[in-house]
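Here's the letter readout for the chains.
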Amino acid sequence: MELKKTNDPKFVASNPNRILHHCTLLLSIFAVLPPSQSINYAEALSKSLLYFEAQRSGRLPYNQRVRWRHHSGLTDGLEQGVDLVGGYYDAGDHVKFGLPMAFTVTMLSWSVVEYRDQLAATGELEHALEAIKWGTDYFIKAHTSPNVLWAEVGDGDTDHYCWQRPEDMATSRRAYKIDESNPGSDLAGETAAAMAAASIVFRRTNPHYSHLLLHHAQQLFEFGDKYRGKYDSSVGVVKDYYASVSGYMDELLWAALWLSKATDNVEEYYLNYLINKAHCFGGLDWAITEFSWDVKYAGVQILAAQLLKEEKHKEHRHILNQYKSKAEHYICSCLNKNNVTNNVDRTPGGLLYIRQWNNMQYVSSASFLLTTYSDFLRNSNQNIMCHGGVVGPQELVGLAQAQVDYILGSNPINMSYLVGYGPNYPTRVHHRGASIACYRENKGYIGCTQGYDNWYSRKGPNPNVVVGALVGGPDCQDNFRDERGNYMQTEACTYNTAPLVGVLARLSQLNEQQNQNLPLVASY
């Protein structure tokens, strides 16, 4: 909105109501922007993308920016006769878990799909593309034939027995797969979603690679849909770490939706799948208050609701409106505007609180959904009706921003939960590589239990800062113990940080717009 700027006292005196109206408008527009100019979303964005370089497995590239890391996992897959070098370690250990890795890449890709221009404006688009491609290159390797997908390298039990740098790994690197006899529709579906979303990302800049990703995504979706089953029933070693509690139906809907977008619905099969399976796969039945690597329904509902803005989908309006209703249930629950029993809890400091272990994953994913749905509402000139009243787009992005501000240090203990950002952040992150002397400076082998004896129990800060890691965060009373052994609170995961990338890009843009308009506000 462009407002007339004037310092003419006659204009001001003769139009007091008009001036008041303009000021009120400006205040409502910028009410969602940070109360403190000390919060730098662009800096937080840059640091968040560094984290994915710290989590890389495989042979590191020449332009690796996280210098305390080195090559690792160079024989992954060798025992099974496949090349599974690459990909990401999910957290502070060295297992390559397929399901959370795929969700990480889906969320990074969605961030670029939604906020490509904003990422480019901050100079971080290329780093985001590199983070996505590091994951999708691995998925291409792991998908060795149409109905075979390698699900995991290493296992949590043997891995957790040791405290070592990834460069020194002496634990089992056995690989596990899903196939026709050992299905995993959830894993196949999420990996298909990741590759379909990434194919959209690379469509303009690398069309050949985009087409390759789409081809793999289509094969994986067909495999997951034809041979149905939960992957943790086929890959038993994952059950204690990343069990698929929600089942596989949400991932199949999720994959179909991303494939519909990736093919521009030229192949109507995917959209029809989303519509025809809406009821029987739970897309219209589950009123969800979380969105995570396991539970995708809220993401499906948010994306499906946005299809309503396209005229070509009008024949499916009835079903899409039902998806929209469930999407807005999720939004209202985050805003504390559903009825009492269907709202997301909050800490006294205002942080959304789902559960004790690694709560920040739910905060970052909620912030992303709130931000993207706010943009959808604003662009379509809509509000939503919650049990607690009408809600406009500014309230959604306002809550998302409040959550991000909490993460970045605006909280009762002034702790930034994004490592490396701000003056006060966790220094004893539960992370093997970060807690042991840098391999480049100390190439001496550190044995399996030697790490526990000499490094794990140290009281001092980690020798390496895992910049951009979003740790598990505080408890329900905003309390936090910065201790290496407190893994519920001090361990970070790739899927914690991934949704933040898009949100930080959008908030950085809003912050820039505010700074450009500050003289206008001051002139009245």
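Since this is a predicted model, take the numbers as computed values, not measurements.

1. Notes on the overall build of the protein chain
Then, number 1: When helices and strands are counted, the protein chain shows 20 helices and seven strands.
Then, number 2: Dimensions along the principal axes, computed over C-alpha positions, put the protein chain at roughly 80 × 55 × 45 Å.
Then, number 3: With 524 residues in all, the protein chain has 60% of them scored as buried.
Then, number 4: Considering only residue pairs separated by 6 or more positions, the protein chain has 74% of its internal contacts joining residues 24 or more positions apart.
Then, number 5: Mean positive and mean negative side-chain charge positions of the protein chain (46 and 53 charges, respectively) differ by 4 Å.

2. A closer look at the pattern of salt bridges
Then, number 1: Here the structure, examined in full by the defined rule, presents 22 salt bridges.
Then, number 2: Of the charged contacts, one joins Glu 167 and Arg 69 as a salt bridge, the two residues approaching to 2.9 Å between their closest N and O atoms. Of this pair, Glu 167 sits in the loop between α6 (156-161) and β3 (175-178) while Arg 69 sits in the loop between α3 (41-54) and β1 (96-97), placing them 98 residues apart in sequence.
Then, number 3: Overall, the relative accessible area of 16% leaves Glu 167 in the buried class.

3. Considerations on the nonpolar core
Then, number 1: Residues Trp 110, Tyr 323 and Leu 408 are the most contacted members of the largest nonpolar core, which totals 156 residues.
Then, number 2: Those residues in contact with Trp 110, other than ones at most four positions away along the chain, are Trp 254, Trp 258, Phe 291, Gly 299, Ile 302, Leu 303, Phe 368, Leu 369 and Thr 372.
Then, number 3: Core analysis: the next-biggest nonpolar cluster, separate from the first, contains five residues, Trp 163, Ile 436, Ile 446 and Trp 455 among them.

4. Comments concerning the state of the cysteines
The term disulfide refers to a covalent linkage connecting the sulfur atoms of a pair of cysteines.
Then, number 1: All chains considered together, the criterion is met by two disulfides.
Then, number 2: The disulfide partner of Cys 162 is Cys 448, and the S-S distance across this bridge is 1.9 Å. Across the disulfide from Cys 162 to Cys 448, rotation about the S-S bond amounts to roughly -90 degrees, and the bridge is consequently left-handed. In this pair, Cys 162 sits in the loop between α6 and β3 while Cys 448 sits in the loop between α17 (432-435) and α18 (450-456), placing the two residues 286 residues apart along the sequence. Here Cys 162 matches Cys 448 in class, with each residue buried.
Then, number 3: The side chain of Cys 332 participates in a disulfide bridge whose partner is Cys 386; the two sulfur atoms lie 1.9 Å from each other. Between Cys 332 and Cys 386 the disulfide shows an S-S torsion of about -80 degrees. By sign, it is left-handed. Of this pair, Cys 332 sits in helix α14 (residues 317-334) while Cys 386 sits in strand β6 (residues 384-386), and the two are 54 residues apart along the sequence.
Then, number 4: Counting only the cysteines that take part in disulfides, in the order they occur along the protein chain, gives the pairing 1-4, 2-3.

5. Some points on helix α5 (residues 125-142)
Then, number 1: A rise of 1.5 Å per residue sets the reference length of α5, with its 18 residues, at 26 Å; its end C-alpha atoms lie 26 Å apart and thus fit the reference within 8%.
Then, number 2: Residues of α5 that are buried include every one of Leu 125, Ala 128, Leu 129, Ala 131, Ile 132, Trp 134, Gly 135, Thr 136, Tyr 138, Phe 139 and Ala 142, and no others.
Then, number 3: Contact partners of the buried residues in α5: α3, β1, α4 (98-121), β2 (149-153), α7 (185-201) and α8 (207-226).

6. Notes on the packing of aromatic side chains
Then, number 1: What the rule picks out here adds up to 29 aromatic pairs.
Then, number 2: With centroids separated by 6.4 Å and ring planes inclined at 75 degrees, the aromatic side chains of Phe 221 and Tyr 269 adopt a geometry described as edge-to-face. Remark: Tyr 269 occurs in helix α12 (residues 269-276) and Phe 221 occurs in helix α8; sequence separation between them is 48 residues.
Then, number 3: Relative accessible area serves as the criterion here: at 2%, Phe 221 is assigned to the buried category.
Then, number 4: Owing to a relative accessible area of 45%, Tyr 269 belongs among the partly exposed residues under this scheme.
Then, number 5: Ring centres 6.3 Å apart and planes at 15 degrees place the aromatic pair Tyr 406 and Tyr 417 in the stacked group. With Tyr 406 in helix α16 (residues 393-407) and Tyr 417 in the loop between α16 and α17, this residue pair connects regions lying eleven residues apart in the sequence. Accessibility classification places Tyr 406 together with Tyr 417 in one group, the buried group.

7. Description of the environment of Thr 341
Then, number 1: Mapped onto the elements of the fold, Thr 341 is located in the loop between α14 and β4 (345-346).
Then, number 2: Classification of Thr 341 by relative accessible area gives exposed; the value is 70%.
Then, number 3: Each C-alpha atom, one on Thr 341 and one on Gly 154, is 41 Å from the other, the two residues being 187 residues apart in sequence.

8. Looking at the packing of α4 against helix α15 (residues 360-379)
Then, number 1: Closest axis-to-axis distance for the α4/α15 pair is 12 Å, and the angle between their directions is 25 degrees. Viewed along their axes, α4 and α15 adopt a mutual orientation that is roughly parallel. Between α4 and α15 the crossing geometry is left-handed. Between α4 and α15, the contacting residues are Met 107, Trp 110, Ser 111, Glu 114 and Tyr 115 on the first element and Phe 368, Leu 369, Thr 371, Thr 372 and Asp 375 on the second.
Then, number 2: Here the contact of α4 with α15 is composed, by residue class, of five nonpolar, three polar and two charged.

9. Thoughts on the environment of Val 245
Then, number 1: With respect to the helices, strands and loops of the structure, Val 245 is situated in the loop between α10 (239-242) and α11 (249-262).
Then, number 2: On the basis of relative accessible area, Val 245 is assigned to the exposed category, the value being 70%.
Then, number 3: Residues Val 245 and Ser 181 lie 64 residues apart in sequence; the distance between their C-alpha atoms is 21 Å.

Conventions and cut-offs
Residues numbered from 1 in each chain as written. Predicted model: local features only at pLDDT ≥ 70, side-chain atom pairs only at ≥ 80, totals over all residues. Heavy atoms only, no water. Helix = DSSP H or I, 4+ residues; strand = E, 2+ residues; numbered from the N terminus. Buried < 20%, exposed > 50% of the residue type's maximum accessible area, 1.4 Å probe, protein only. Contact = heavy atoms within 4.5 Å. Lys, Arg positive; Asp, Glu negative; His and termini not counted. Charge placed at Lys NZ, Arg CZ, Asp CG, Glu CD. Salt bridge = Lys/Arg side-chain N within 4 Å of Asp/Glu carboxyl O. Core = buried A, V, L, I, M, F, W, Y, C linked by side-chain atoms within 4.5 Å. Disulfide = S-S within 2.5 Å. Expected span 1.5 Å × (residues − 1). Phe/Tyr/Trp six-rings, centres within 6.5 Å; stacked < 30°, edge-to-face > 60°. Axes fitted to C-alpha atoms, helices over the stretch in contact; angles between N-to-C directions. Parallel < 35°, antiparallel > 145°, perpendicular 65-115°, else oblique. Left-handed = near helix turned anticlockwise from the far one by under 90°. Nonpolar A, V, L, I, M, F, W, Y, C, P; charged D, E, K, R; others polar.

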